[in-house]
Amino acid sequence: MWMLVLFDLPVVEKKDRKAATDFRNFLLDNGFSMVQFSIYTKLFSGKDACEKYYRLITKNLPSEGKVDILTITDRQYGNIISYDAGTKIQKKQPEQLLLF
C-alpha cells in the first residue's frame with residue numbers, strides 16, 4: 001500500500017511558515033518522500049502497517065490548513081503517468097523485499 005499525504009497549509013505569517021516546514025520535515029523524518037512540494041508518499045506492506053502512521057500524522061497536524069491522507073495499492077500507484085516540462089517520466093518501481 002502507498003500512503004499519500006497531500007496538504008495545503010498557510011504560509012503568509014512566519015508562524016505558519018514554520019508550522020508548514022515542521023510538518024514537511026516530520027514527514028521526511030518518518031520516511032516519506034516528496035513527490036511535489038505538498039505531496040508526500042511512503043510505501044507500506046499493507047493497510048495494517050498504515051494505521052500507526054495515521055495516528056502519528058494526526059498527532060503532528062499543523063493547527064491551520066488542510067491535510068488529506070490517501071492510501072492506494074501498489075498497482076494503482078504504478079499506473080501514474082508523470083510528465084516534467086512536457087517529457088514523460090518513466091517511473092522506477094521500488095524493489096520488493098525478499099526474505100529467505
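All residue numbers refer to positions counted from 1 along the written sequence of the respective chain. Residues qualify for local features only when their pLDDT is at least 70, as the model is predicted, and side-chain atom pairs are given and counted only at 80 or more; totals for whole chains, interfaces and linings, by contrast, use all residues. Side-chain descriptors were evaluated using all non-hydrogen atoms of the structure, hydrogens and water having been removed beforehand.

Caption draft 1: Representation of the overall build of the chain. Helical segments are the DSSP runs of H or I of at least four residues, strand segments are the runs of E of at least two, and each set is numbered from the N terminus. Across its full length, the chain holds three helices and six strands. Going from N to C terminus, the chain has its helices and strands arranged as β-α-β-β-α-β-α-β-β. Structurally, the chain occupies a C-alpha span of about 45 × 35 × 20 Å along its principal axes. Across the 100 residues in the chain, those meeting the buried criterion constitute 29%. Taking the contacts inside the chain whose residues are at least 6 apart along the sequence as the reference set, 63% of them involve residues at least 24 apart. Each accessible area value is a Shrake-Rupley result obtained with a 1.4 Å probe; residue values ignore everything except the protein chains displayed when judging cover. For the chain, the exposed surface amounts to about 7,500 Å²; the carbon and sulfur share of it is 53%. The positive count covers Lys and Arg only, the negative count covers Asp and Glu only, and His and the chain ends enter neither. In plain terms, the charge of a residue is placed at NZ if it is Lys, CZ if Arg, CG if Asp and CD if Glu. Averaging the positions of the 15 positive and the 12 negative side-chain charges in the chain gives two centres separated by 2 Å. Each residue is assigned to one of three classes by its accessible area relative to the maximum for its type, calculated with a 1.4 Å probe on protein chains only: buried under 20%, partly exposed between the two thresholds, exposed over 50%. Here a residue-residue contact requires only that any non-hydrogen atoms of the pair lie within 4.5 Å.

Caption draft 2: Spatial organisation of the side chain of Thr 41. Relative to the helices and strands, Thr 41 is located in strand β3 (residues 39–43). Sequence-distant contacts of Thr 41, that is, excluding residues within four places in its chain, are made with Trp 2, Met 3, Leu 4, Gly 31, Phe 32, Ser 33, Val 35 and Tyr 77.

Caption draft 3: Geometry of the confidence of the model for the chain. Confidence scores per residue from the predictor, reported as pLDDT, run from 0 to 100. For the chain, mean pLDDT is 90; residues scoring 70 or higher make up 90% of the total. Looking across the chain, the model is least confident in helix α3 (residues 74–78), with a mean pLDDT of 87, and most confident in strand β1 (residues 2–8), with 97.

Caption draft 4: Representation of the packing of aromatic side chains. Any pair of Phe, Tyr and Trp rings, taking the six-membered ring for Trp, is counted once the centres come within 6.5 Å. Such a pair is stacked with planes under 30 degrees apart, edge-to-face with planes over 60 apart, and tilted for the rest. Summed over all chains, the structure comprises seven aromatic pairs. Relative to Phe 26, the ring of Phe 23 has its centre 6.2 Å away and its plane inclined at 25°; by these criteria the two rings are stacked. Placement of the pair is Phe 23 and Phe 26 together in helix α1 (residues 14–29), with a separation of three residues, close to one helical turn. When sorted by exposure, Phe 23 lands in the same class as Phe 26, which is buried.

Caption draft 5: A look at α1. What a helix should span is 1.5 Å times the count of its residues minus one. The end-to-end C-alpha distance of α1, which contains 16 residues, comes to 22 Å, matching closely the 22 Å that a straight helix rising 1.5 Å per residue would cover. Among all positions of α1, only Asp 16, Ala 20, Phe 23, Arg 24, Phe 26 and Leu 27 are buried. Considered in projection along α1, the buried side chains sweep an arc of 155° and stay on one side of the axis. For α1, exposure combined with an orientation more than 90 degrees from the buried face picks out Lys 14, Lys 15, Lys 18 and Asp 29. Looking at the buried residues of α1, the elements they touch are β1, β3, α2 (47–59) and β4 (66–72). Of the residues trailing α1, Gly 31 is marked for its positive phi of about 90°. Note: the arc covers the axis-to-C-beta directions of the helix.

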